[in-house]
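Residue strings, one per chain:
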Amino acid sequence: MGRYLLRRLLQLVPVFIGTTFLIYWLVWSVPGDPFAGKCGERRCPEQYVAFMTEKYQLDQPVLVQYAHYMQNLFQGDFGETFSGRSVNDIIVAAYPNTLKLALVALAIEALIGITAGVLTGLRRNGFLDNLVLVSTLFLIALPVFVIGFVLQWLLGVQWGIVRPTVSSEMRLTELLVPGFVLGSASMAYVARLARTSIAENRRADYVRTAIAKGLPMRRVVGVHLLRNSLIPVVTLLGTDLGALMGGAIVTEGIFAVNGIGREVYRAIVTKESATVVSIVVVLVLVYLVMNLLVDLLYAALDPRIRYE
Amino acid sequence: MEFRTRDGVAKVINGVTYHVDAGETLAVLGESGSGKSVTAQTVMGILDTPPGFVTGGQVRFHGKDMLTMSDEERRRIRGEGIAMIFQDALSALNPVFTVGFQIAEQFRVRRGMGRAEAKKRAIEMLDQVKIPNAKSRFSQYPHQFSGGMRQRAMIAMSLALDPEVLIADEPTTALDVTVQAQIMDLLAELQRERQMGLILITHDLGVVADVADRIAVMYAGRIVEEADVYELYAKPAHPYTIGLLESIPRLDEKGQELRTIKGLPPNLMNIPPGCPFNPRCPMAQPVCREKIPPLLQVAPGRASACHFAEELVSRD
Ligand SMILES: Nc1ncnc2c1ncn2[C@@H]1O[C@H](COP(=O)(O)OP(=O)(O)OP(=O)(O)O)[C@@H](O)[C@H]1O
Ligand code: SF4
Ligand SMILES: [Mg+2]
C-alpha cells in the first residue's frame, strides 16, 4: 500500500509538468497585446514596454519563461500580474468561493442523483422511472446557462424565494440554487449510472442470498445492494469535483460569484499569463489529487481490489 | 410457475409435489434445465419476478401455505424455517463484506444480539463446518477463501439460525471431486446432528445414493418418479429413471461405452403433447402422445408418471 502510494505520487510529477507546460504554452501563443489599453487611449511609451518586457522576460523563449515560472512556483510563488498584484492573493480570494460552490453542487448532485437512481433502479418502467428519465434528459440537453438564467429569473425574480445573486458572504442557503445549476448535468449522469448499477446488481446471486437469509428488505437493499452498486457512482462523484470547479465559470457569471471563473476570464482577456496558468495549475492539482483519492477509496469499497 | 419472456411463456414447473420430514433427506434429481432450481426458488420466494410468475399451487410449511402468507410472515420463515445454500458460493456471498460479517449479520438482525456476541456465535458456526482458524477467517473476504472453504462458509451461514429444512441446490457441482465428497459428508453429518430435513438438488446420481432417503426425479418441470432410494435403484418405475441409471459409469462395465438417453430435453415453451418424455422414450406407445400420465402411486411409498409404471414395477 505504501509503495503503491509512492508510485502513484511519483506518477503525478510528469503529468503535472506536462499539463502545466501545455497550459503555459497555450496562453503564450494566444494572440493579443498585453499592453493594449494599459496606458489609457494612447499606445504605451517605448520605455514602459521595454521595462515591462525586461521585468517579465516577455522576449525570452517560452521554455525559459516556463522554467522560471516553475522555479518560483515550487517556492510557493505564483508570480504577479502586470499591475504588480500578487497572483497568490487572487488565488486565495477566488478559490475558496469556487470550492464552496463546487462542494455544494457535488452534495446536491450526490443526494438527488443517488436517490433518484436507487428508486428507479429498483422499480424500472414505473411512473417515477419515466419521470426521472425525461428530467435527466432535460438536464443533460439544456446548456447550463439556460438552466441558470431560467432558475434565477423564476426563483429569484418572479417568485422571490431566493436572492437572485450570491452575496460576498457565500451563505449556504444562497448557494443551493447555483449549486443545483452547476451540478445539474452531472446529477443526471449520476442518477442514470446509479439506476443501471442498482438494476444490474439487483439480480445478483448475493442479493438472493441476502433475501434467503430472511433479512428485511430494507437491509437487503440498504446494505447488500447499495454497497455494491455505489462503487462506480462514488468514482464518478470523486472525479467530478475538478470538473465542477473548472466548469463553474458560467454559473459564477450568472450568480455573480467571485470565483476562479471570473478571474480566469479577466486574465485571458488581458493576457495575464501568470494568473491564467496559476489558476489552472491549481485546478490540475485538484484533479490529480481527487483521482488519487478515488483510486484509494475504490480499494476501500471493494476489497477484491489490491494494490501492488 | 412460468417464465414470461420475449420469446414466449415457458411453463417451467408443472405439477411438482414433494415433501420432506424432519431428519429426512430428499434428493431432487434431473437434467440441467428440468426446473430443479426454479422449484427451490419458488419455495424460498426468491424467484426473479418478472420474468418468473407463480401461477398456482401451494408451498406448505407445517401445513401453512407460504404463498398466501404476508411478506413479513414469509420472511421470518426464511433462514429459520427453511434455509438454502447455492451452487456457486463465490457469487452467492457478497464480495464486499467479510464472511464473518455475513454470518454474524443474521444473529444481529434476526436474534437481536450485540456485535461481540454475534461474532462469537459466527466463529462457532465456522468451527462447526470445520473451517480451520475460524477466528482469523472471520474477518476475511469471500475471494480469500478456496472454493471448498467458501462452500463451507455458505453452509455455516445457512445453518446459523438452525433451520428445520435446508435446501441445497447443487452444493458441490462447482468443486473438485475430492472436495465434493468432503462437503457431502459434512452436510450429511450436520443434518444428522440437527435432525433437519434436507432437500438435496443434484443431477449427479452418484452423490445421491450415499446420502438420500428418498428421491424425486424431475423431467421437464414435472416429478416423473418418487421413491425410496433403494427401491428406485433396484427397480425404477419410469423409463426416464431407467435411462438415468444406465448412464452412470460403472466399475464392472469398464471399457463399455456409456449408454446415454437419446435426444434432448424439451423446450419448455413448447412441451410435446402427452407424456413430455415420449420423443425420447424407448417404450413409447401411441397413447403416450395423447394422454399426459399423472403421477400415481404404484406401490406403497412410491409414485410414477408413466402409463406403463405398473408393468415396470411388476417386472422382474
Ligand atoms: N430468469 C429466468 N428467465 C427465463 N427462464 C428461466 C429463468 N430462470 C430459469 N429459466 C428457465 O427455467 C428452466 C428451469 O431452470 P432451472 O434453473 O430450474 O434448471 P435446473 O434443473 O436447476 O438446471 P441446472 O441443473 O442446470 O441447475 C430452464 O429451462 C431455464 O431456461
Ligand atoms: S408414458 Fe409413455 S412415453 Fe412417457 S415415460 Fe411412460 S412409456 Fe415413456
Ligand atoms: Mg439449477
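- The name an unreviewed UniProt entry assigns to chain A is ABC transporter permease, from the organism Micromonospora rosaria.
- According to the UniProt record, the Sequence similarities (unreviewed entry) comment for chain A reads "Belongs to the binding-protein-dependent transport system permease family."
- The heading Subcellular location (unreviewed entry) in the UniProt record of chain A holds the text "Cell membrane".

**Description of the overall build of chain B**
Turning to step 1, where the next piece is worked out: Helix and strand counts for chain B come out as 12 helices and 13 strands.
Turning to step 2, where the next piece is worked out: For 316 residues, the compact-globule formula gives about 20 Å, and the C-alpha radius of gyration of chain B, at 21 Å, lands near that figure.
Turning to step 3, where the next piece is worked out: For chain B, the spread of C-alpha atoms along the three principal axes comes to 65 × 50 × 40 Å.
Turning to step 4, where the next piece is worked out: Relative to its 316 residues, chain B shows a buried fraction of 53%.
Turning to step 5, where the next piece is worked out: Positive and negative charge centroids in chain B, built from 36 and 39 side chains respectively, lie 5 Å apart.

**Quick notes on the confidence of the model for chain B**
Turning to step 1, where the next piece is worked out: Of all residues in chain B, 92% attain a pLDDT of 70 or more, and the chain-wide mean is 84.
Turning to step 2, where the next piece is worked out: Taken over the whole predicted complex, pTM reads 0.82, whereas the ipTM for its chain interfaces reads 0.87.

**Focus: the environment of Val223(A)**
Turning to step 1, where the next piece is worked out: On the secondary structure map, Val223(A) appears in helix H9 (residues 217-246).
Turning to step 2, where the next piece is worked out: Along the chain, Val223(A) and Val269(A) lie 46 residues apart, while their C-alpha atoms are 52 Å from each other.
Turning to step 3, where the next piece is worked out: Among all residues touching Val223(A), those that are not within four sequence positions of it are Arg218(A), Phe97(B) and Phe101(B).

**Section: a nonpolar patch on the surface**
Turning to step 1, where the next piece is worked out: Taken together, the side chains of Phe145(A), Phe149(A), Ile249(A), Val250(A), Tyr265(A) and Val269(A) define a hydrophobic patch exposed on the protein surface, amounting to about 600 Å² of accessible area.
Turning to step 2, where the next piece is worked out: Sorting the residues of the nonpolar patch by element identifies helix H6 (144-158), helix H10 (249-255) and helix H11 (260-269) of chain A as the ones contributing at least two each.

**Topic: the side chain of Lys36(B)**
All names here are of chain B.
Turning to step 1, where the next piece is worked out: Counting through the fold element by element, Lys36 comes out in helix H1 (residues 36-44).
Turning to step 2, where the next piece is worked out: For Lys36, a relative accessible area of 5% corresponds to the buried category.
Turning to step 3, where the next piece is worked out: Contact partners of Lys36, with chain neighbours within four places excluded, come to Val28, Leu29, Gly30, Glu31, Glu170, Ile201, Thr202, His203 and Met218.

**A short note on the UniProt feature "domain: ABC transmembrane type-1" (unreviewed entry) in chain A**
Turning to step 1, where the next piece is worked out: UniProt's feature table lists "domain: ABC transmembrane type-1" (unreviewed entry) at residues 95-298 of chain A, given in the numbering used throughout.
Turning to step 2, where the next piece is worked out: Along residues 95-298 of chain A the backbone is 83% helical and 0% strand, and the end-to-end C-alpha distance reaches 27 Å.

**A word on the interface of chain B and chain A**
Turning to step 1, where the next piece is worked out: Across the contact, 29 residues belong to chain B and 21 residues belong to chain A.
Turning to step 2, where the next piece is worked out: A combined buried area of about 2,300 Å² lies between chain B and chain A, and 58% of that area is made up of carbon and sulfur atoms.
Turning to step 3, where the next piece is worked out: At the boundary of chain B and chain A, one finds 2 salt bridges.
Turning to step 4, where the next piece is worked out: Note that Glu105(B) and Arg219(A) form a salt bridge whose closest N and O atoms lie 2.7 Å from each other.
Turning to step 5, where the next piece is worked out: Along the contact surface separating chain B from chain A lie 13 residue pairs in polar contact (both at pLDDT 80 or more).
Turning to step 6, where the next piece is worked out: Of all the secondary-structure elements, those providing two or more residues to the side of chain B that touches chain A are H1, helix H3 (89-92), helix H4 (99-111) and helix H7 (147-159) of chain B.
Turning to step 7, where the next piece is worked out: Among the elements that take part in the side of chain B that touches chain A, H4(B) stands out by supplying 6 residues, more than any other.
Turning to step 8, where the next piece is worked out: Tallied by class, the residues present in the side of chain B that touches chain A amount to 16 nonpolar, 8 polar and 5 charged.

**Brief notes about H4(B)**
Turning to step 1, where the next piece is worked out: Taking 1.5 Å as the rise per residue, H4(B) with 13 residues should run 18 Å; its terminal C-alpha atoms sit 18 Å apart, in good agreement.
Turning to step 2, where the next piece is worked out: Among the residues of H4(B), Val99(B), Gly100(B), Gln102(B), Ile103(B), Ala104(B), Glu105(B), Gln106(B), Phe107(B) and Arg110(B) are the ones counted as buried.
Turning to step 3, where the next piece is worked out: On its buried side, H4(B) packs onto H9 of chain A together with helix H2 (71-77), helix H5 (115-128), helix H6 (134-137) and H7 of chain B.
Turning to step 4, where the next piece is worked out: Gly112(B) occupies a position one or two residues after H4(B) and carries a positive phi of about 65°.

**Considering the nonpolar core**
Turning to step 1, where the next piece is worked out: The biggest cluster of nonpolar side chains holds 77 residues, and the ones touching the most others in it are Ile82(B), Ile103(B), Leu126(B), Met154(B), Ile155(B), Leu166(B) and Ile167(B).
Turning to step 2, where the next piece is worked out: When neighbours within four sequence positions are excluded, Ile82(B) is seen to be in contact with Val43(B), Met44(B), Phe61(B), Met66(B), Ile77(B), Pro163(B), Val165(B) and Ile167(B).
Turning to step 3, where the next piece is worked out: The next biggest cluster of nonpolar side chains, apart from the first, holds 60 residues, and it includes Phe16(A), Leu101(A), Val166(A) and Ala194(A).

**Considering the site of ligand 1**
Residue and element names in this part refer to chain B.
Turning to step 1, where the next piece is worked out: Taken together, 15 residues sit near ligand 1, with Ser32, Gly33, Lys36, Ser37 and Glu170 positioned nearest.
Turning to step 2, where the next piece is worked out: In the environment of ligand 1, an oxygen atom lies 3.2 Å from a nitrogen or oxygen atom belonging to the backbone of Ser34.
Turning to step 3, where the next piece is worked out: Within the backbone of Gly35, a nitrogen or oxygen atom sits 3.0 Å from an oxygen atom of ligand 1.
Turning to step 4, where the next piece is worked out: For ligand 1, whose unbound accessible area comes to 630 Å², protein coverage reaches 67%.
Turning to step 5, where the next piece is worked out: For the shell around ligand 1, the element with the highest residue contribution is H1, accounting for 3 residues.
Turning to step 6, where the next piece is worked out: Class assignment for the residues of the shell around ligand 1 results in 5 nonpolar, 7 polar and 3 charged.

**Let's talk about the packing of aromatic side chains**
Turning to step 1, where the next piece is worked out: Following the criterion strictly, the structure yields 7 aromatic pairs over all chains and no others.
Turning to step 2, where the next piece is worked out: Ring centres 5.7 Å apart and planes at 70° place the aromatic pair Tyr24(A) and Tyr66(A) in the edge-to-face group. Of this pair, Tyr24(A) sits in helix H1 (residues 2-29) while Tyr66(A) sits in helix H3 (residues 62-74), placing them 42 residues apart in sequence.
Turning to step 3, where the next piece is worked out: Residue class for Tyr66(A) comes out buried when judged on its relative accessible area of 8%.
Turning to step 4, where the next piece is worked out: Between Phe97(B) and Phe101(B), the aromatic rings sit 4.7 Å apart at their centres with planes inclined by 15°, giving stacked as the arrangement.
Turning to step 5, where the next piece is worked out: A residue is classified by how much of its surface remains accessible, and Phe97(B), at 10% relative accessible area, is buried.
Turning to step 6, where the next piece is worked out: Members of the aromatic cluster, connected to one another through ring pairs, are Phe21(A), Tyr24(A), Tyr66(A) and Tyr69(A).
Turning to step 7, where the next piece is worked out: In this structure, Arg227(A) is placed above the aromatic ring of Phe97(B), and the distance from its NZ or CZ to the ring centre is 5.3 Å.
Turning to step 8, where the next piece is worked out: Positioned above the aromatic ring of Phe145(B) is the side chain of Arg137(B), whose terminal nitrogen or guanidinium carbon lies 4.8 Å from the ring centre.

**Comments concerning the sheet that holds strand E3 (residues 25-30) of chain B**
Residues and elements named next belong to chain B.
Turning to step 1, where the next piece is worked out: Spatially, 8 strands are ordered E7-E8-E9-E3-E10-E11-E13-E12 in an open sheet, and the strand pairing comes out mixed. Two strands close off the open sheet at either side, each with one partner strand: strand E7 (82-85) and strand E12 (296-299). This sheet shows a mean twist of 25° between the axes of neighbouring strands, independent of strand direction.
Turning to step 2, where the next piece is worked out: Pairing of E3 with strand E10 (residues 214-219) involves 5 bridges; the strand directions are parallel. Its bridge partner being in E10, Gly30 is matched across the sheet by Met218.

**Some points on the UniProt feature "transmembrane region" (unreviewed entry) in chain A**
All names here are of chain A.
Turning to step 1, where the next piece is worked out: When the UniProt feature table is mapped onto this chain, "transmembrane region" (unreviewed entry) is found at residues 9-28, 101-119, 131-155, 175-194 and 276-301.
Turning to step 2, where the next piece is worked out: The distance separating the terminal C-alpha atoms of residues 175-194 is 25 Å; by composition the span is 100% helix and 0% strand.
Turning to step 3, where the next piece is worked out: Between the C-alpha atoms that bound residues 276-301 there is a distance of 37 Å. The span itself is 100% helix and 0% strand.

About the cut-offs
Residues numbered from 1 in each chain as written. Chains lettered and ligands numbered in written order. Predicted model: local features only at pLDDT ≥ 70, side-chain atom pairs only at ≥ 80, totals over all residues. Heavy atoms only, no water. UniProt positions renumbered as here; feature names shortened; annotations may be inferred. Helix = DSSP H or I, 4+ residues; strand = E, 2+ residues; numbered from the N terminus. Rg over C-alpha atoms; globule rule 2.2 N^0.38 Å. Buried < 20%, exposed > 50% of the residue type's maximum accessible area, 1.4 Å probe, protein only. Lys, Arg positive; Asp, Glu negative; His and termini not counted. Charge placed at Lys NZ, Arg CZ, Asp CG, Glu CD. pLDDT = per-residue confidence, 0-100. Contact = heavy atoms within 4.5 Å. Patch = residues over 30% accessible without salt bridge, like charges linked within 9 Å, V, L, I, M, F, W, Y side chains within 5 Å. Areas by Shrake-Rupley, 256 points an atom, 1.4 Å probe, with all protein chains shown as cover. Salt bridge = Lys/Arg side-chain N within 4 Å of Asp/Glu carboxyl O. Buried area = accessible area lost by both parts, 1.4 Å probe. Polar contact = N/O pair within 3.5 Å; in protein donor to acceptor, adjacent residues only side chain to side chain. Nonpolar A, V, L, I, M, F, W, Y, C, P; charged D, E, K, R; others polar. Expected span 1.5 Å × (residues − 1). Core = buried A, V, L, I, M, F, W, Y, C linked by side-chain atoms within 4.5 Å. Near = heavy atom within 4 Å. Phe/Tyr/Trp six-rings, centres within 6.5 Å; stacked < 30°, edge-to-face > 60°. Lys NZ or Arg CZ within 6 Å of the ring centre and 35° of its normal. Pairing = 2+ DSSP bridges. Axes fitted to C-alpha atoms, helices over the stretch in contact; angles between N-to-C directions.

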